[in-house]
Amino acid sequence: MIIPLAQTDSLVLGTVALAPPMALAPLAGITDLPFRQLVASFGAGWVVSEMVASQEMVQAKPGVRERAELGYDQAGTAVQIAGREAYWMAEAARMATDNGAAIIDINMGCPAKKVTNGYSGSALLRTPDHALSLIDAVVQAVDVPVTLKTRLGWDDDSLNAADVAKRAEDAGIKLVTIHGRTRCQFYKGQADWGAIRKIKDAVTIPVIANGDIVDASTARLALSRSGADGVMIGRGAQGRPWILAQVSAALHGTPRPDVPQGRALIEMVAKHYEAMLSFYGVDLGRKVSRKHLGWYMDDAGTPPALRKAILTHTNPADVLRDLPDAFEIQVAA
């Protein structure tokens, strides 16, 4: 059973309720388990794991199984898989659901050359018949809802997302997320939310708008132009893990999050840093944490010399020691 509730407060996919209709987008190297848990702690309808290559996941290639500590048993988590072969896609979906995943998301939107050169991600928009064979395989392999994330098309001359989405719906896809750019745009220019309306008009399943949605005003505009049922926020959450909850409060009347300031912000950043060290181990955790610490300090206006020192410290104790000084503007406030 699918209950699409156009621009309302929740979506229901079979036995899975997504409320509010607001998701954290999968971002490679960013939306790992520590960050997804942090975003979810403020409030989000659902979060999506980093994209995982299906064959590597099944074969337990070094690094992939660790990255895909996918939060199988965490409520509101979709596991995103990518690939070009039906067998591996189906096996990866089975593995994820056997481990407790409640939703499987198929990646047909990643524009990275290392992905599209392997005929995965958004390259599948160039071979829709083959893409549908992968969708069929995954849908038939699992009993949980299967969703799809894609783009408007490969380029401006092949805007075929509406046709692909309709065929995907017929194959059993329960929800589709559209990034309002073509693959060849990568992340340049402005996302075309109005173009998403064509996909919305082509299907009866929920459609989620994605791309350049960073706050309540852009979310409202994206929903108005696209007619979508909800929004997905990616880069807008970098350094602002509370933004989904803020947008949800403005659009859907959910409780407003307590945005940490001063000492509370320092404590949140410190806990996030320690969670990354615990998740990855100290050596890799220090490297992974730099991007997140950088975004937090960008927003805080941390002086350049102190920012550089924190990002280059080799001892985690030194990072934790200097964090209060890095956020002294918030403390003073």
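Provided above is the structure to which this section pertains.
Numbering of residues starts from 1 in every chain and runs along the sequence as written. Under the rules for a predicted model, residues below a pLDDT of 70 receive no local features and side-chain atom pairs below 80 are neither given nor counted, while totals for whole chains, interfaces and linings still include all residues. Hydrogens and waters are ignored; side-chain quantities use all the structure's heavy atoms.

Caption draft 1: Layout of the overall build of the chain. Working definition: helices are DSSP H or I runs of at least four residues, strands are E runs of at least two. Numbering for both runs from the N terminus. Helix and strand counts for the chain stand at 15 helices and 12 strands. Radius of gyration means the value over C-alpha atoms here, while the globule rule gives 2.2 Å times the residue count to the 0.38 power. Its C-alpha atoms give the chain a radius of gyration of 20 Å, near enough to 20 Å, the size a compact globule of 333 residues would have. Taken along the three principal axes of its C-alpha coordinates, the chain extends 55 × 45 × 40 Å. Split into buried and exposed, the 333 residues of the chain put 55% on the buried side. The contact rule is simple, with two residues in contact once any of their heavy atoms fall within 4.5 Å. Within the chain, contacts between residues separated by at least 24 positions form 67% of all contacts whose residues are at least 6 apart in sequence. Per-residue accessibility takes into account occlusion by the displayed protein chains alone, with areas from the Shrake-Rupley method and a 1.4 Å probe. A total accessible area of about 14,100 Å² is found for the chain, and carbon and sulfur atoms account for 51% of it. The classification of residues rests on relative accessible area computed with a 1.4 Å probe and restricted to protein chains. Under 20% of the type maximum is buried, over 50% is exposed, and intermediate values are partly exposed.

Caption draft 2: A look at unusual backbone geometry. With an omega of 0°, the peptide bond running from Ala19 to Pro20 counts as cis. Position of Pro20 relative to the elements: it lies in the loop between strand 3 (16–18) and strand 4 (22–24). Phi at Phe186 is positive, roughly 50°, even though this residue is not glycine. Positive phi, normally seen in glycine, also occurs at Asp212, with a value near 65°.

Caption draft 3: Molecular detail of the side chain of Thr150. Following the sequence through the fold, Thr150 ends up in strand 9 (residues 146–151). Ignoring any residue separated from it by four or fewer positions in sequence, one finds Thr150 in contact with Met108, Gly109, Leu125, Val176, Thr177, Ile178 and His179.

Caption draft 4: Focus on helix 9 (residues 216–226). Within the span of helix 9, buried status applies to Ala216, Thr218, Ala219, Ala222, Leu223 and Ser226. Projection of helix 9 onto a plane perpendicular to its axis shows the buried side chains occupying an angular sector of 165°, all on one side. Buried residues in helix 9 make contact with helix 8 (193–202), strand 11 (207–210), strand 12 (230–233) and helix 10 (243–252). With its phi angle positive at about 70°, Gly227 sits one or two positions after the end of helix 9. The directions from the helix axis to the C-beta atoms form the arc being described.

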